[in-house]
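# Inside the fold
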Amino acid sequence: MHEKYTKPYDASLIENSIYKKWEESGYFNPDKLPGKREESFCIVMPPTNANGKLHAGHGSDFVIKDIIGRYQRMIGKKVLLLPSTDHGGFETQGVYEKNLQKEGRSRFGMSKAQLYDEIYTFVEKNIHNIENDVKKLGTSCDWSRNKFTMQKDIIEKVKDTFIKMYKDGLIYRGNRSIHWNPKFKTSLADIETKFEDKTEPFYYFKYGPFEIATSRPETKFGDKYVVMHPDDKRYSNWKEGDTFEAEWLNGKITGTVLKDEAIDMEFGTGVMTITPWHDATDFEIAQRHGLDYEQIIDLDGRLMDIAGEFSGMKVHIARPKVVEKLKEKGLVTKIEQKHTHAVRVCERTGVILEPQLMEQWFVKMKPLTELALKALKEKRFSFVSKQFEKTFRYWMENSIDWNISRQIAWGITIPAWFKNKGEENEEIIVSNTKPAGDGWKQDTDTFDTWFSSGQWPLLALGYPNNSDFKNFFPTDVMETGRDLVFKWVPKMIMFSLYLTKEIPFKVIYLHGMVLDRKGQKMSKSKGNTLSPLELSDEFGTDAMRMSFIIGNTPGKDMPLTTNKVNAYKKFANKLWNISRFIYSNTENFDFDNFDTSLLEKDQLNKIEELDEFKKDLSKDIDEYRLYLAAEKIYHFIWHELADKIIEDTKDSVISENKDIKNQYLLLKFLHESLKMLHPFMPFITEEIWKDFPIKDKDLLIVEKW
RNA sequence: GCGUGCUUAGCUCAGUUGGCUAGAGCAUCUCGUUUACACCGAGAGGGUCAGGAGUUCGAGUCUCUUAGCACGCACCA
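Everything quoted here is computed from the prediction, not taken from an experiment.

Okay, the protein's contact with RNA strand B next. Around RNA strand B, the structure places 50 residues, and the nearest of them are Thr214, Phe267, Met272, Ala342 and Arg625. Counted by atom, the contact set of RNA strand B within 4 Å of the protein is 66% sugar and phosphate. Separating a phosphate oxygen of RNA strand B from a side-chain N or O atom of Tyr627 is a distance of 2.9 Å. The element that contributes the greatest number of residues to the surface near RNA strand B is helix H18 (residues 626-654), accounting for 12 residues. By residue class, the composition of the surface near RNA strand B is 21 nonpolar, 12 polar and 17 charged.

So, in structure tokens, the structure goes:
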């Protein structure tokens, strides 16, 4: 009887040493796995952002992939779980700038190169911390292949992709309405923004013969067009191109009437003026009607010279003053104090965004989305939860061109060169090297993070020539959070189809968000976060892993409570005691050489049931019903092995004349149970496996399923 | 406005292709400790499976419909 089993199971005593054993065995590395393994299996793990700590969402993230990986390893495949870190572009720079602020410093007054170097150092340290955290979750990934998006070879390939796409006409330089973050001074893609409801006053102004309504009076300096719906009977006397005189902010102006179907007749007065430079819808109207446009707000978010006495003011300060001036002129007809509307803000920083017209790099999406839709139609990849297929399709059918340039230091520089040829003419060359001749200036912009992470399965495996790429691509499963169904997954599919004609992965498993006990999103500001590491410390990693899986179908959000984690901590202890009982009553039993022909019908039936159970469990895992499989094995061990097998055979193995058939049965059930539970609860099963009476056995992690 | 999901025990949720008496964890109640395990065991209570209609020999499961909730997307001059 082993001393250790006399005490309740204590995860903290064994987890570190077990993980170390696995690492030392080399079995995380597919090249070092024992036995002959024909088939390979690969999951490229979504890169963790280099700027923070692991949160509860990462719990599901790593646990699900690890369960799948461990199972595939046990059924005899060459398994590669590839870990990686993403530089996190804009987000990371934001985190770093906050740190600077705390030190009383700022990035302004620092060269871009200096900022880049400082962030690199910061990130390197963080990556190390994150690695340790991922190990704490029991993740069996191959650290020797760890990849980072800012590695030199990866940067080169990202640039090569850009150049190839430019040559193929899939990337263009365009002057379009983009989302500008005036605080962090960069443009953003649509998916990096979100809407926030704001309740603000809504103003009605007299504008010549019309009444217009707006929530942004401070943008109205240059407006000289009024737009109405062509079917609006109230204004049927006015025709497109009619002009009128109006007293306005800077004195008298001549306005022009436009008719456009984008106007909502129900909203406001049914007439609006347009500000194309600072509103995407207005810009589209202006383009349709061939109008010119003027910038009102600069990149700092301040009014420009056109605003007269208001020039230089931040928009939110100017607004009440502008209204005051209009009031004095007698042009304010009505103010609704509580108008609730959605304002576009930066998803990461919450900063209110200002639409601006700017020259940026855009990816032409249509040819790429068509590739993805075709592959979907041909069922070359599939979603574990079918509902995501619709979301995916919707995004592919409605995506607009993608702004990939960011005006931040922390990112991969865009390999483009500009030469001013006088007036507004600019010559552009896309190349890794400086073009011959004088006057070439390199583009100072960097790529959107998603431009590199979108190519991640390819880049991480060393596309196009690395042997890993040949062995493991296309990968088997993409497992990530359901919020990435349109942010990331389609990009990987499109880049992969474009560059290699292959799909990047066969199966897409999307998990839901982890919520707090009340079903609310976890966030630092609400103070309701549960760190997987704290859970692991308190209840054991194995218990934490089970709680992330059970009772949660793929794609569905899941409230997490410590109560639930505790339930699986109890389960670990139960298994511990089961092992204690079995080992202490089978001492000196020769499991290797037991003659199974001695078994009687009773035992044979039980073993047959065991086989049936295992088949069923395997099927569940094969079809990614991990939540069911975990619950079944839990139930099997507690209510079959403990409640029935042990209870029924107890007397016969405790007595002086031990029944060797039942001893065998107990060990057989324990053997299989440990294997079946191992993907879910790897630490405790590996620990118990140490004492299993088989000679010359290897680690459980590579035991044959 | 468009889309997706949800509504099953007091709470959180499973229930895979329709098929034994609808399950688990937590919570509640009763009993039990010289017992592998009190981080336990034996047992109990608790459900018109949101409402309605339909398909079927049979519906928690499929179809339609009503209501409520959540999330995503679009618009918000």
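This part covers the sheet that holds strand S4 (residues 84-86). Overall, parallel pairing links the 3 strands, which are arranged S2-S4-S5 in an open sheet. Among the strands making up the open sheet, the edge pair consists of strand S2 (48-49) and strand S5 (147-148). Both S4 and S5 contribute to a ladder of 2 bridges, which runs parallel. If you follow Thr85 over to S5, its bridge partner there is Phe148.

The next thing to look at is the confidence of the model for chain A. Per-residue confidence for chain A averages 91 on the pLDDT scale, and 99% of its residues sit at or above 70. Highest mean pLDDT in chain A belongs to strand S3 (residues 78-82) (97); lowest belongs to S2 (81). Per the prediction output, this complex has pTM 0.93; the corresponding ipTM is 0.92.

So, about the pairing of strand S19 (residues 416-420). Bridge analysis of S19 against strand S20 (residues 426-430) gives 5 bridges, and the strand direction is antiparallel. Bridge assignment links Asn420 to a residue of S20, and that residue is Glu426. As paired elements, S19 and strand S21 (residues 441-442) share 2 bridges and run antiparallel to each other. Looking at the pairing, Phe418 lines up with Lys441 of S21.

Another aspect to go through is the nonpolar core. By size, the foremost hydrophobic cluster in this structure holds 100 residues, and its most contacted members are Met546, Ile582, Ile633, Leu677 and Phe680. Tallying contributions element by element places H18 first for this core, with 13 residues. If you look at the next biggest cluster of nonpolar residues, it comprises 74 residues, including Leu115, Ile163, Phe392 and Leu497.

The 3 strands lie next to each other as S20-S19-S21, forming an open sheet whose pairing is antiparallel. Edge positions in the sheet fall to S20 and S21, since each has one partner strand and no second.

Applying the stated rule across the entire model yields 0 disulfides. For the unlinked cysteine Cys42, the closest cysteine sulfur is that of Cys141, found at 12 Å. Given a relative accessible area of 0%, Cys42 falls into the buried group.

This part is about the pattern of salt bridges. For the structure on display, the rule yields 55 salt bridges. One salt bridge connects Asp401 with Arg176, and the closest N-O pair in it is separated by 4.0 Å. Within this pair, whereas Asp401 is found in the loop between helix H9 (387-398) and strand S17 (402-403), its partner Arg176 is found in strand S6 (residues 171-181), the two being separated by 225 residues in sequence.

A word on helix H15 (residues 541-549). Among the 9 residues in H15, 9 count as buried, and that is most of the element. Within H15, the full set of buried residues consists of Thr541, Asp542, Ala543, Met544, Arg545, Met546, Ser547, Phe548 and Ile549.

Put simply, the second largest pocket is a space of about 1600 Å³. In terms of lining, the second largest pocket is formed by 49 residues, of which the most central are Ser215, Arg216, His278, Asp279 and His341. Among the elements of the structure, S6, strand S8 (193-207), strand S9 (210-214), strand S13 (271-273), helix H6 (280-288), helix H7 (315-328), strand S14 (332-346) and strand S15 (354-363) are those that each provide at least two residues to the lining of the second largest pocket. Examining the composition of the lining of the second largest pocket, we find that 5 residues originate from one element, S14, more than from any other. Class assignment for the residues of the lining of the second largest pocket results in 19 nonpolar, 16 polar and 14 charged.

Next up on the list: the packing of helix H17 (residues 601-622) against helix H19 (residues 660-677). Put simply, H17 and H19 touch, their axes get as near as 11 Å, and they point 5 degrees apart. The angle between H17 and H19 places the two elements in the roughly parallel class. Between H17 and H19, the residues in contact are Gln603, Lys606, Ile607, Leu610, Phe613, Lys614 and Leu617 and Lys661, Asn662, Tyr664, Leu665, Lys668, Phe669, Glu672, Lys675 and Met676, respectively. Residues that form the contact of H17 with H19 fall into these classes: 8 nonpolar, 2 polar and 6 charged.

Criteria and cut-off values
Residues numbered from 1 in each chain as written. Chains lettered and ligands numbered in written order. Predicted model: local features only at pLDDT ≥ 70, side-chain atom pairs only at ≥ 80, totals over all residues. Heavy atoms only, no water. Near = heavy atom within 4 Å. Polar contact = N/O pair within 3.5 Å; in protein donor to acceptor, adjacent residues only side chain to side chain. Helix = DSSP H or I, 4+ residues; strand = E, 2+ residues; numbered from the N terminus. Nonpolar A, V, L, I, M, F, W, Y, C, P; charged D, E, K, R; others polar. Pairing = 2+ DSSP bridges. pLDDT = per-residue confidence, 0-100. Core = buried A, V, L, I, M, F, W, Y, C linked by side-chain atoms within 4.5 Å. Buried < 20%, exposed > 50% of the residue type's maximum accessible area, 1.4 Å probe, protein only. Disulfide = S-S within 2.5 Å. Salt bridge = Lys/Arg side-chain N within 4 Å of Asp/Glu carboxyl O. 1 Å grid on protein atoms, 1.4 Å probe; cavity = no way out; pocket = protein on both sides within 12 Å on 5 of 7 lines; lining within 4 Å. Points joined across faces, edges and corners; volume = space filled by probe spheres on them. Axes fitted to C-alpha atoms, helices over the stretch in contact; angles between N-to-C directions. Parallel < 35°, antiparallel > 145°, perpendicular 65-115°, else oblique. Contact = heavy atoms within 4.5 Å.

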